[in-house]
Amino acid sequence: MTHQLRLGVNIDHVATIRNARGGDHPDPVRAAEIVARCGGDGITAHLREDRRHIRDEDLRRIQEATDLPLNLEMAATDEMLDIALAHKPHAACIVPEKREERTTEGGLDAAGLHNTIAPIVGKLQDAGIRVSLFIEASERQLDAALRLNAPVVEFHTGEYAHAHLDGDSERVSSELKRIADMAALAAKNGIEPHAGHGLTYENVQPIAAIPQLAELNIGHYLIGEAVFTGLEPAVLKMRELMDDAR
Ligand code: PXP
């Protein structure tokens, strides 16, 4: 099934729970199979340098278990580049990574890190991997993505999600406008805009309504909801909210 606005489900936190006990359960591959069965459009997985959730062998197992495109989130390092080139996921999303952070706390400084990122983008593209850059919705970062020839950018929606949690409607509006304006500018320049981070049932619809966005990547909230409702109903509900917003 293809959707106008694709939903990539980030299954990292199934692996977080698995790793808490060091065994094989719950298996992120089983989550990927459920996402495929209930109409998710892609699987997103972040192989972090400290392997705190997804492990190297999970990538191959996910690729073998489903036909869904795999979006590998990766730091701009030689180690991760080698792993991406070995696995050839459908897409690679370059993210900033700090060991001490709990999650990806801000966008990639694509402008400041041009010289580090450029060869990695080039090698991924040469291998036929669709590159995306996880950036703040700003003209400076979008301009850097253009100079790096990235076909896709993913806008970090963390500030928007925080404003929503704080009940700060002015900040919610200004964050939304920033993302909508940059999505329009990206599309005008031939870059496909995506968005993700901190999206929930409560805050997804205004983001999903931004017409240029082609994909949302959502993880933590969906896996959290799955504890109460099961993963399939959680994905289906998110899918329905996204479709209703269009
Ligand atoms: N997109 C990217 C690039 C991410 O790194 C993450 C995880 O931080 C997400 C989307 C999903 O964010 P969340 O787990 O908050 O839904």
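Quick caveat: nothing in here was measured; it's all calculated off a predicted structure.

**A short note on the pattern of salt bridges**
The final tally for this structure, using the stated rule, is 20 salt bridges. Arg18 is paired through a salt bridge with Asp58; the nearest N and O atoms lie 2.8 Å apart. Of the two residues, Arg18 is situated in helix α1 (residues 12–21) and Asp58 in helix α3 (residues 56–65); the sequence distance between them amounts to 40 residues. One exposure class covers both Arg18 and Asp58, and it is buried. Across the pair Glu64 and Arg60 runs a salt bridge, and its minimum N-O distance is 3.2 Å. In this pair, Glu64 and Arg60 are both assigned in helix α3, four residues apart and thus about one turn of the helix distant. The class of Glu64 is exposed, set by a relative accessible area of 59%. Beyond isolated ion pairs, a larger network of salt bridges with shared partners links Arg18, Asp27, Asp58 and Arg61.

**Structural notes on unusual backbone geometry**
Each neighbour pair has its own omega, and for His25 with Pro26 the value is 0°, a cis peptide bond. Locating Pro26 in the fold gives a position in the loop between α1 and α2 (28–37). At Arg51, a residue that is not glycine, the phi angle is positive and equals roughly 55°. Residue position: Arg51 is located in the loop between β2 (42–46) and α3. In this model, His197 sits at a positive phi of 115°, which is unusual for a non-glycine residue. Its location among the elements puts His197 in the loop between β7 (192–196) and α9 (204–208). Here His197 falls in the partly exposed class, since its relative accessible area comes to 23%.

**Overview of the site of the ligand**
For the ligand, the set of nearby residues contains 14 residues, the closest of which are Glu73, Glu154, Gly198, Gly219 and His220. Interatomic distance of 2.7 Å between a backbone N/O atom of Gly219 and an oxygen atom of the ligand. Expressed as a share of its isolated accessible area of 390 Å², the protein-covered part of the ligand is 94%. With respect to the detected pockets, the ligand is housed in the largest pocket. Grouping the constituent residues of the shell around the ligand by class yields four nonpolar, eight polar and two charged.

Rules behind the numbers
Residues numbered from 1 in each chain as written. Predicted model: local features only at pLDDT ≥ 70, side-chain atom pairs only at ≥ 80, totals over all residues. Heavy atoms only, no water. Salt bridge = Lys/Arg side-chain N within 4 Å of Asp/Glu carboxyl O. Helix = DSSP H or I, 4+ residues; strand = E, 2+ residues; numbered from the N terminus. Buried < 20%, exposed > 50% of the residue type's maximum accessible area, 1.4 Å probe, protein only. Near = heavy atom within 4 Å. Polar contact = N/O pair within 3.5 Å; in protein donor to acceptor, adjacent residues only side chain to side chain. Areas by Shrake-Rupley, 256 points an atom, 1.4 Å probe, with all protein chains shown as cover. 1 Å grid on protein atoms, 1.4 Å probe; cavity = no way out; pocket = protein on both sides within 12 Å on 5 of 7 lines; lining within 4 Å. Sits in = over half its atoms within 2 Å of the grid points. Nonpolar A, V, L, I, M, F, W, Y, C, P; charged D, E, K, R; others polar.

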